[in-house]
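Observations on the model geometry
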There are 4 protein chains.
Amino acid sequence: MSDNIVTSEKLNERLIANPFNAWLGLRILKLDEETIEIGLTWREEMISNPEARRTHGGILGALIDVTADFMIAAKVGVPAPTVDMRVDYHRAAMPGDLRAVGRIIRMGRTFGVAGAEVFDGDDKLIASGRGLYYTAPPPKR
Amino acid sequence: MSDNIVTSEKLNERLIANPFNAWLGLRILKLDEETIEIGLTWREEMISNPEARRTHGGILGALIDVTADFMIAAKVGVPAPTVDMRVDYHRAAMPGDLRAVGRIIRMGRTFGVAGAEVFDGDDKLIASGRGLYYTAPPPKR
Amino acid sequence: MSDNIVTSEKLNERLIANPFNAWLGLRILKLDEETIEIGLTWREEMISNPEARRTHGGILGALIDVTADFMIAAKVGVPAPTVDMRVDYHRAAMPGDLRAVGRIIRMGRTFGVAGAEVFDGDDKLIASGRGLYYTAPPPKR
Amino acid sequence: MSDNIVTSEKLNERLIANPFNAWLGLRILKLDEETIEIGLTWREEMISNPEARRTHGGILGALIDVTADFMIAAKVGVPAPTVDMRVDYHRAAMPGDLRAVGRIIRMGRTFGVAGAEVFDGDDKLIASGRGLYYTAPPPKR
């Protein structure tokens, strides 16, 4: 795997310049050559069913996408467009902050595949998934 | 395919009782036996990259998940837990309201599979995907 | 959607020149501008569990991949490399020939997304899925 | 994670009793509490494009499905029905035997999610993916 080419601080600036990421309360907790950890600050509007008070699956999916993408970004300098993704929901996420850990599965010339796992405050695995990111510049025509 | 067992009005009440769905400005635009249409009201916080001003992929993923799930809900009465999902991103979504159309792919005793397509204000296909929903009551132990 | 640029006959020649496709007994049953139908000839070696005698999920996945890809091929001239795919298994496939119907979901400059549904001899939906195909020539370096 | 409840030998008998698995030349190379390794014996009929002589994506998908499922089987005693799966293709697989390593991502009461990675003879990552397996007995009605 190639080295990171951007610092955690710079990557965090890029992360929170994104309005939806800022709304999600995202911040980079840790970055090394193999993994990235991103925290999410829970808020009332993230609730799905108002009785069960579970965190909405769309929030978990967004967190997985961003976390996987920012591990790619550490290697290529900027986040890459998401082409597609899969999310698996493992447990209900009750109100509370979340933490996601991202890793690269395969970094190619044209595509990168990266995955992420979401944990709750008790370090229980809540959801996981992987996305395909387009890392090549678009072909000139 | 079985008949819908809940009206569009009741389903819409259930939809917007969900805080994150309310934040997304979701509402049912149309419901028949085969399809559901759900509208999303764009807001500034949905932006991804602040320069490109594209709508965040996590928003599109959430819209696909909810739309597919509420077509399932029309058949079984309530939304079913999402087990997993796939999202394909086809075009950048520029600022503006979105519309998603959901359809059931396969309704079984234990699982339902449903898909949805997201269109922008020019009726261009922005994203699409499918999810697996768990429609059976959990086995008694 | 662009027009098909290759005939069904030429596409069928390309299909069965592929040894694994030939082993699967694949052949194009129908091709128009919107859909392709590919038939599979069942054989004993396709069985999964020897008691239940269901057709192996890997066979269904291969049929979905090839069918989606050959609808892409009708538009671009040759099959495109599969980047990733999702398969949903809906019903057990009992011994007997299968038929898959493929459609393009989104044809872009760099990627195409296409899906396919597999039916048994009673026209019951057995499995379905979608794949991402890389339709652009690799960028020159 | 719960302990394995079946030996590698018993699991291998179950694996190759399956005609398609036998055709693929599958065999369990290694099994511990965390991982399973399954080998595949290459054969000429596995080729996709006859000129490029790459191994067909359907073969890689089948290998991933079986490997993930047999790690589940080690925990529950028998292979579980695949509900859906995702496969990512990372590199072209040239003629030669393959090896897949499977791991459980999340083992629940009703579902298990497991993934697998496929390596070629040079230990290069060729493909990877994950599947959802239905581990609960069907609800009695």
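Everything below is about the structure printed above this text.
Structure report, in brief. (Residues numbered from 1 in each chain as written. Chains lettered and ligands numbered in written order. Predicted model: local features only at pLDDT ≥ 70, side-chain atom pairs only at ≥ 80, totals over all residues. Heavy atoms only, no water.)

All right, on to the interface of chain A and chain D then. If you look at the interface, chain A gives 14 residues, while chain D gives 14 residues. Between chain A and chain D the total buried area reaches about 1200 Å² when both faces are included, carbon and sulfur atoms providing 44% of it. Considering only the surface of chain A that becomes buried against chain D, Arg86(A), Arg106(A) and Arg130(A) emerge as the three largest contributors, covering 50% of it. Counting the contacts that link chain A with chain D gives four salt bridges. Across the pair Arg130(D) and Asp88(A) runs a salt bridge, and its minimum N-O distance is 2.7 Å. Counting residues per element, the ones that place at least two in the side of chain A that touches chain D are β3 (82-89), β4 (98-107) and β6 (125-134) of chain A. With five residues, β6(A) is the single largest residue contributor to the side of chain A that touches chain D. Class assignment for the residues of the side of chain A that touches chain D results in five nonpolar, three polar and six charged. (Contact = heavy atoms within 4.5 Å. Buried area = accessible area lost by both parts, 1.4 Å probe. Salt bridge = Lys/Arg side-chain N within 4 Å of Asp/Glu carboxyl O. Helix = DSSP H or I, 4+ residues; strand = E, 2+ residues; numbered from the N terminus. Nonpolar A, V, L, I, M, F, W, Y, C, P; charged D, E, K, R; others polar.)

Aligned on chain A, chain B shows an RMSD of 0.0 Å; the corresponding rotation is 180 degrees and the shift along the axis is 0.0 Å. When the rotation and shift are considered jointly, the pair of chain copies conforms to a two-fold rotation axis. By C-alpha distance to the rotation axis, the residue of chain B lying nearest is Arg86(B), at 2.2 Å. A share of 100% of interface residues in chain B that are also interface residues in chain A marks the association as one of identical surfaces. (Least-squares fit on C-alpha atoms with pLDDT ≥ 70 in both.)

Time to look at the interface of chain B and chain A. On the chain A side, the residues contacting the 28 residues of chain B number 28 residues. In this assembly, chain B packs against chain A so that about 2200 Å² is buried in total across both faces, 57% of it on carbon and sulfur atoms. Looking at the side of chain B facing chain A, the largest losses of area belong to Phe20(B), His56(B) and Tyr89(B), adding up to 24% of the total buried there. At the boundary of chain B and chain A, one finds two salt bridges. With its nearest N and O atoms 3.0 Å apart, the salt bridge here joins Asp84(A) to Arg86(B). Scanning the region where chain B abuts chain A turns up 14 residue pairs in polar contact (both at pLDDT 80 or more). Going through the elements one at a time, α2 (19-23), α3 (57-76) and β3 (82-89) of chain B are the ones with two or more residues in the side of chain B that touches chain A. In terms of residue count, β3(B) provides more of the side of chain B that touches chain A than any other element does, eight residues in total. A class-by-class count of the residues in the side of chain B that touches chain A yields 14 nonpolar, seven polar and seven charged. Taken together, the five bridges between β3(A) and β3(B) define a ladder with antiparallel strand orientation. Bridging across to β3(B), Asp84(A) finds its partner in Asp88(B). (Polar contact = N/O pair within 3.5 Å; in protein donor to acceptor, adjacent residues only side chain to side chain. Pairing = 2+ DSSP bridges.)

Here we take up the nonpolar core. One broad rule of soluble globular proteins: the nonpolar side chains tend to lie buried together. Of all hydrophobic cores here, the largest spans 83 residues; its most connected members are Leu24(A), Ile38(A), Val118(A), Leu11(B), Leu24(B), Ile38(B) and Val118(B). Beyond its immediate stretch of four places on either side in the chain, Ile38(A) contacts Leu15(A), Leu26(A), Arg27(A), Ile28(A), Leu29(A), Leu63(A), Val66(A), Thr67(A), Phe70(A), Leu98(A), Arg99(A) and Ala100(A). The next biggest cluster of nonpolar side chains, apart from the first, holds 82 residues, and it includes Leu24(D), Leu60(D), Phe70(D) and Ala100(D). (Core = buried A, V, L, I, M, F, W, Y, C linked by side-chain atoms within 4.5 Å. Buried < 20%, exposed > 50% of the residue type's maximum accessible area, 1.4 Å probe, protein only.)

Let us now look at the packing of helix α1 (residues 8-16) of chain D against helix α3 (residues 57-76) of chain D. All names here are of chain D. Two elements in contact, α1 and α3, have axes separated by 11 Å at closest approach and are oriented at 140 degrees. Taken together, the axes of α1 and α3 lie oblique to each other. Handedness of the crossing formed by α1 with α3: right-handed. Of the residues in α3, those in contact with Leu11, Arg14 and Leu15 of α1 are Val66, Phe70, Ala73 and Ala74. Of the residues that constitute the contact of α1 with α3, the class distribution is six nonpolar, no polar and one charged. (Axes fitted to C-alpha atoms, helices over the stretch in contact; angles between N-to-C directions. Parallel < 35°, antiparallel > 145°, perpendicular 65-115°, else oblique. Left-handed = near helix turned anticlockwise from the far one by under 90°.)

Turning our eyes to something else, we now look at the sheet that holds strand β1 (residues 27-31) of chain D. Backbone-to-backbone hydrogen bonds pair the strands of a sheet. The strands run either parallel or antiparallel. The twelve strands lie next to each other as β1(C)-β2(C)-β4(C)-β5(C)-β6(C)-β3(C)-β3(D)-β6(D)-β5(D)-β4(D)-β2(D)-β1(D), forming an open sheet whose pairing is antiparallel. Looking at which strands have only one partner, the edges of the open sheet turn out to be β1 (27-31) of chain C together with β1 of chain D. Recorded for the sheet is a direction-independent mean angle of 20 degrees between the axes of neighbouring strands. Across six bridges, the pairing between strand β2 (residues 35-40) of chain C and strand β4 (residues 98-107) of chain C is antiparallel. The residue of β4(C) that forms the bridge with Glu37(C) is Val101(C). Relative to β4(C), helix α3 (residues 57-76) of chain C is tilted by about 50 degrees, and along the sheet it contacts β1, β2, β3 (82-89), β4, β5 (111-119) and β6 (125-134) of chain C together with β3 (82-89) of chain D. Those strands touched by α3(D) are β3 of chain C together with β1, β2 (35-40), β3, β4 (98-107), β5 (111-119) and β6 (125-134) of chain D, and its axis lies near 50 degrees from that of β4(D).

Before going further, it helps to examine the relation of the copies chain A and chain D. The pair of chain copies shares a relation made of a rotation about an axis and a shift along it. With an RMSD of 0.0 Å, the operation that places chain A on chain D is a rotation of 180 degrees combined with a shift of 0.0 Å along the axis. The share of interface residues of chain A whose copies in chain D are also at the interface is 100%, consistent with both copies meeting through the same surface.

Next up on the list: the sheet that holds strand β4 (residues 98-107) of chain B. What the twelve strands build is an open sheet, ordered β1(A)-β2(A)-β4(A)-β5(A)-β6(A)-β3(A)-β3(B)-β6(B)-β5(B)-β4(B)-β2(B)-β1(B); its pairing is antiparallel. The strands lining the two open edges of the sheet, one partner per strand, are β1 (27-31) of chain A together with β1 (27-31) of chain B. Sheet twist, expressed as the mean angle between neighbouring strand axes with direction ignored, is 20 degrees. Of the pairings in the sheet, the one linking β3(B) to strand β6 (residues 125-134) of chain B comprises seven bridges and is antiparallel in character. When the bridges of β6(B) are listed, Val87(B) appears paired with Gly129(B). Relative to β4(B), α3(B) is tilted by about 50 degrees, and along the sheet it contacts β3 of chain A together with β1, β2 (35-40), β3, β4, β5 (111-119) and β6 of chain B.

None of the figures reported here should be taken as evidence of function without further support.
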